[in-house]
Amino acid sequence: MGTLVASLFVIVILEIVWSYGGVDGAYVKYNTGARVVEGKLNVHLVPHSHDDVGWLKTVDQYYVGSNNSIQGACIENVLDSVVKALARDPNRKFVFAEMAFFQRWWLEQSPETQEQVRKLVDAGQFEFINGGWCMHDEATAHYIDMIDQTTLGHGLIKSQFDKVPRVGWQIDPFGHSAVQAYLLGAEVGFDSLHFARIDYQDRATRKNDKSLEVIWRGSKTFGSSSQIFTNAFPIHYSPPEGFNFEVSNDFEPVQDNTLLYDYNVEKRVNDFISAAMTQANVTRTNHIMWTMGDDFVYQYAESWFKQMDKLIHYVNKDGRVNALYSTPSIYVDAKNAANVSWPLKTDDYLPYADRKDAYWTGYFTSRPALKRYARMLSGYYLAARQLEFLVGRRSSGPSTSRLGDALGLVQHHDALTGTAKQHTTNDYEKRLAIGAFEAAAVVDNALSCLVGKKPGGQCSSPALTFSQCQLLNISFCPATEEDIPDGKSLVVVAYNSLGWNRTDIIRIPVTDSDLVVHDSSGNTIEAQFINLDSVTINLRNFYVKAYLGLSPQQVPKYWLIFQVSLPPLGWSTYFISKAATEGWHLHT
């Protein structure tokens, strides 16, 4: 009897192994070519890596993998590894969002590697999603800056791959604005928008009534033309529990070699199907998305793809659900083909709380100096680009590119928000300052050229050399504080980057009150002089010493204030000189 029972037990075990399949220590080619199957639950596996362009480390530290005592992350390894892994199997796919990282990597690649990547992109294996310089914040960033950083990334994709991203992928910002749905969704040309962070109570309600996926109408004015299919993830942008296959993680791999211990194909297939059915219960249609990635993962991409290869093979062999490599584009196409009705949303996903009494709202105002600096340089960047275009961009020398790059980075949802570490924030500010310095050189050269340019003529060597008052906030402007010799004039050029006429007030520090202001037609402009008080002068001297490391040579006595009138996208020139007679001006 004992022999018979033992024999039956062996037979049962062998039947289970044969039903799912095993490797027996030999090579097996996994069937990863699954596509959407009608009538089954389709589990779309979307491999991705969420790569912050600065957070715990600076953007360059993240790229090269330095300062790993803070966080082990190297985007260079991610892209190197993913490209090699995709080349091993034409069915594998991967999506990438942050073009600030990709641009760094792309410039370092050989022509052969670049050609290989172009083929992967053309084949749909490597897909750019979102495609901005960063994944921008949606609460503290100005919409112009959102557009600029998105344009910067899309320009790179278009120039190198002749592609335009279809998918908005805002998976980590701390709440979401209707501006994103309309302006950065429908208007950009995206056909879907995906994210993870919505209020925990809102998520619970939406899971209950299957409204995580909606039609988001971002503008009441533009109605249905402003709407976009929007997908809020059931939990986060990581995979279901037990399916994070980063090489450094503690996970249970699919063990399908029958000659080794711990054969577990049946268990892992059942785990997969259980997790899939749980998500299917909160989702409309028979399509669900698994976001197969997390922060800074795929540093050894084969660790992920090998497990997904096996799961697709064995899950589909089981037959209860259908698993496939996918992208958000493929997923949304399948959702659209289902032809079902979706709930309509018309307002923001703000504010955001991830649990009780944990509202992510402090970042609306944190690091105000960084927020102001970025906003100020945003307008300056616009004006500098206009002037750069008017005189023609040079092939060498100063340009606005570095400022554009720095502004693109600082829109990141861990930058402008103030949630990055202090040394990372310092890095953002340094990049902005360097970019502003180069853009200032562009502005100086352009204005010098344009002011001296004859109608219809070309810019020649400028007769005037302009400089800007970058430290007027501490009452410091060396160019205006020098004595103006008799018969000479201080030339002030004011540029208007807006598309309409503008009247504004110019305020500069001067040492003499016997000055007169004329416009370019020789008309005298009414001016006012205000005494600089001792408190202002002391603050000025302190901060000049702190910023520049030197004490100012001149001490201005007055603010010279006068009104300027500027044409749209144009400039006006004013001349400040010694007054012919004293007493014409107004003291206050």
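Residues numbered from 1 in each chain as written. Predicted model: local features only at pLDDT ≥ 70, side-chain atom pairs only at ≥ 80, totals over all residues. Heavy atoms only, no water.

- You'll find the chain entered in an unreviewed UniProt entry as alpha-mannosidase, with Eucalyptus grandis given as the organism.
- Listed under Function (unreviewed entry) in UniProt, the entry text for the chain is "Liberates mannose from p-nitrophenyl-alpha-D-mannoside in vitro."
- Taken from UniProt, the Sequence similarities (unreviewed entry) comment for the chain reads in full: "Belongs to the glycosyl hydrolase 38 family." (UniProt positions renumbered as here; feature names shortened; annotations may be inferred.)

### Points about the sheet that holds strand E1 (residues 42-47)
Next up, step 1: Pairing is parallel in the open sheet, where three strands are placed in the order E8-E1-E9. For this open sheet the edge positions go to strand E8 (287-292) and strand E9 (322-325), each flanked by a neighbour on one side alone. Taking each pair of neighbouring strands and ignoring which way they run, the sheet shows an average axis angle of 25 degrees.
Next up, step 2: In the sheet, E1 pairs with E8 via six bridges, with the strands oriented parallel. Note on E8: the bridge partner recorded for Asn-42 is His-287.
Next up, step 3: This element, helix H9 (residues 265-280), spans E1, E8 and E9 of the sheet and lies at about 120 degrees to E8.
Next up, step 4: This element, helix H11 (residues 328-337), spans E1 and E8 of the sheet and lies at about 170 degrees to E8. (Pairing = 2+ DSSP bridges. Helix = DSSP H or I, 4+ residues; strand = E, 2+ residues; numbered from the N terminus. Axes fitted to C-alpha atoms, helices over the stretch in contact; angles between N-to-C directions. Contact = heavy atoms within 4.5 Å.)

### Here's the deal with the UniProt feature "domain: Glycoside hydrolase family 38 central" (unreviewed entry) in the chain
Next up, step 1: UniProt's feature table lists "domain: Glycoside hydrolase family 38 central" (unreviewed entry) at residues 358-432, given in the numbering used throughout.
Next up, step 2: Structurally, residues 358-432 comprises 60% helix and 0% strand, and the distance from its first C-alpha atom to its last is 32 Å.

### As for the sheet that holds strand E17 (residues 570-578)
Next up, step 1: Read across the sheet, four strands follow the order E11-E17-E13-E14 without closing on themselves; strand pairing throughout is antiparallel. The two strands at the open ends of the sheet, each matched to only one other strand, are strand E11 (490-496) and strand E14 (524-525).

### Description of the side chain of Ser-177
Next up, step 1: Checked against the element boundaries, Ser-177 lands in the loop between strand E4 (167-169) and helix H7 (178-186).
Next up, step 2: The exposure class of Ser-177 is buried, given its relative accessible area of 10%.
Next up, step 3: Residue contacts for Ser-177: discarding those within four places in its chain leaves Glu-138, Trp-216, Asp-348 and Leu-350. (Buried < 20%, exposed > 50% of the residue type's maximum accessible area, 1.4 Å probe, protein only.)

### With respect to the pairing of strand E5 (residues 192-195)
Next up, step 1: Residues Ser-192 and His-194 line one face of E5 and the alternating positions Leu-193 and Phe-195 line the opposite face, and both faces are buried.
Next up, step 2: Judged from the three bridges that link them, E4 and E5 form a sheet pairing that is parallel. Looking across to E5, one finds that Val-167 is bridged to Ser-192.
Next up, step 3: Handedness of the β-α-β unit built from E4, H7 and E5 comes out right-handed.
Next up, step 4: Across four bridges, the pairing between E5 and strand E7 (residues 227-232) is parallel. Across the sheet, the residue bridging to Ser-192 is Phe-229, located in E7. (Right-handed = clockwise from strand over helix to strand, strands pointing away.)

### Section: the domain arrangement of the chain
Next up, step 1: For the chain, the assigned domains are domain 1 (42-339), domain 2 (368-452) and domain 3 (472-578).
Next up, step 2: The straight-line distance from the C-alpha centre of domain 1 to that of domain 3 is 52 Å. (Domains from an automatic or database assignment.)

### Quick look at the pattern of salt bridges
Next up, step 1: Under the definition given, this model contains 26 salt bridges.
Next up, step 2: The salt bridge involving Asp-256 is made with Lys-310; its shortest N-O contact spans 3.6 Å. Taken as a pair, Asp-256 in the loop between E7 and H9 and Lys-310 in helix H10 (residues 302-318) lie far apart in primary sequence, 54 residues in all. Per residue, the accessibility class of Asp-256 equals that of Lys-310, and both read buried.
Next up, step 3: Asp-512 is the salt-bridge partner of Lys-578, the closest N and O atoms lying 2.6 Å from each other. Taken as a pair, Lys-578 in strand E17 and Asp-512 in the loop between strand E12 (502-510) and strand E13 (515-519) lie far apart in primary sequence, 66 residues in all.
Next up, step 4: Each of the salt bridges in this network shares a partner with another, and the network as a whole consists of Asp-60, Arg-104, Asp-427 and Arg-431. (Salt bridge = Lys/Arg side-chain N within 4 Å of Asp/Glu carboxyl O.)

### A short note on the pairing of E8
Next up, step 1: Counting buried positions along E8 gives six out of six residues, so the element sits mostly inside the fold.
Next up, step 2: Of the two faces of E8, the one carrying His-287, Met-289 and Thr-291 and the one carrying Ile-288, Trp-290 and Met-292 are both buried.

### Here's the deal with the environment of Lys-371
Next up, step 1: Mapping Lys-371 onto the fold places it in helix H12 (residues 368-391).
Next up, step 2: Under the relative-accessibility criterion, Lys-371 is labelled buried at 15%.
Next up, step 3: It is 29 Å that separates the C-alpha atoms of Lys-371 and Ser-69, two residues lying 302 residues apart in sequence.
Next up, step 4: Among all residues touching Lys-371, those that are not within four sequence positions of it are Thr-140, Tyr-363, Phe-364, Thr-365, Ser-366, Leu-416, Thr-417 and Gly-418.

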